[in-house]
Amino acid sequence: TYGTGCFLLMNTGETRVHSKNNLLTGVAWGIGDKVEYAIEGSAFNAGSIIKWLRDEVHLIDTARRCDELAESVPDSNGIYFVPAFTGLGAPYWDMYARGSIIGLTRGVNRAHIARSVLEAITYQMTDLLEAMKSDSGIDFTELRVDGGASDIMLQIQADMIRCCVNRPKTVETTALGAAYLAGLAVGVWDSREEIQNNREVDKTFEPQMSEERRNELYAGWKEAVKRSMNWAQE
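Residues numbered from 1 in each chain as written. Predicted model: local features only at pLDDT ≥ 70, side-chain atom pairs only at ≥ 80, totals over all residues. Heavy atoms only, no water.

> Describe the sheet that holds strand E7 (residues 164–168), listing the residues and the values that go with them.
Within the open sheet, the three strands sit side by side as E6-E7-E8. Their pairing is mixed. Where the open sheet ends on each side, the last strands, each with one partner, are strand E6 (142–144) and strand E8 (201–205). Strand-to-strand twist of the sheet, defined as the mean angle between neighbouring strand axes without regard to direction, takes the value 20°. The pairing of E6 with E7 spans three bridges and is classified as parallel. Bridging across to E7, Arg144 finds its partner in Asn166. Strand contacts of helix H4 (residues 151–161): E6, E7 and E8, with the helix running at about 145° to E7, the strand carrying the most contacts. (Pairing = 2+ DSSP bridges. Helix = DSSP H or I, 4+ residues; strand = E, 2+ residues; numbered from the N terminus. Axes fitted to C-alpha atoms, helices over the stretch in contact; angles between N-to-C directions. Contact = heavy atoms within 4.5 Å.)

This is how it looks when you write it as structure tokens:
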């Protein structure tokens, strides 16, 4: 889910998996007397970064403008934006980390900053996915997404995680899930399979970037994160 923050969940069925990579385990849902669990990872700042660009530093006047600027340049010109406004969530859990823009040169303009913001959101999701892969031993083939993610951001996301990103027509999945559970309880739907068949795909995004380039960019992100950690004093 791409919202104010960024959240990734993987259903683990009736098995409660204890993460070895700083993710959380909680109840996915309970239907009747059957409870199923999920591993969850969260990044504190996602959509909130775009609001910051608009409301605090006034680099953009609308959220859509961030996408337009990001699309106008092929990359972020070597900069990384680490959005640790309130520390870093999973898998780092560093409450003393603080936000930073690293790699600035005279050639960086607001389009590069806008693109680095979208990239930062996808890098955080990539961190979560890598941790989840390690916990589960599963090599993912598709990431199903919801929330306010634009085409340009989801293409960057597909490039970073090296697999298909699948966006449904209904992106308010949290509310939809609650409605589905209520409907199951009162007999609007007979089974979870019937609900699953209701899902309609809006668009899919396939990786286009070379693996070498992807690995280079992601390594730079990991280095930028290291430099933002442990900044604030207790």
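Back to the text.
> Go over the sheet that holds strand E2 (residues 24–31), please, and point to the residues and values.
Each strand in a sheet pairs with its neighbour through backbone hydrogen bonds, running either in the same direction (parallel) or in the opposite one (antiparallel). Pairing is antiparallel across the open sheet formed by three strands, whose spatial order is E1-E3-E2. Two strands lie at the open edges of the sheet, namely strand E1 (6–13) and E2, each paired on one side alone. Across the sheet, the axes of successive neighbouring strands diverge by a mean angle of 35°, strand direction being ignored. For E1 and strand E3 (residues 34–43), the ladder comprises seven bridges, and the chain directions are antiparallel. Directly across from Gly13, in E3, lies its bridge partner Tyr37. Running at roughly 20° to E1, helix H3 (residues 110–136) makes contact with E1 and E3 of the sheet.

> Run through the packing of helix H1 (residues 47–55) against H3, naming residues and quoting values.
It is the contact of H1 with H3, at a shortest axis distance of 9 Å, that shows an interaxial angle of 160°. Here H1 lies roughly antiparallel to H3, going by the angle between them. Taken as a pair, H1 and H3 cross one another with a handedness that is right-handed. Facing H1, whose interface residues are Gly47, Ile49, Ile50 and Leu53, H3 presents Ile113, Ala114, Val117, Leu118 and Ile121. Considering only residue class, the contact of H1 with H3 consists of eight nonpolar, one polar and no charged. (Parallel < 35°, antiparallel > 145°, perpendicular 65-115°, else oblique. Left-handed = near helix turned anticlockwise from the far one by under 90°. Nonpolar A, V, L, I, M, F, W, Y, C, P; charged D, E, K, R; others polar.)

So yeah, pure geometry; function would need other evidence.
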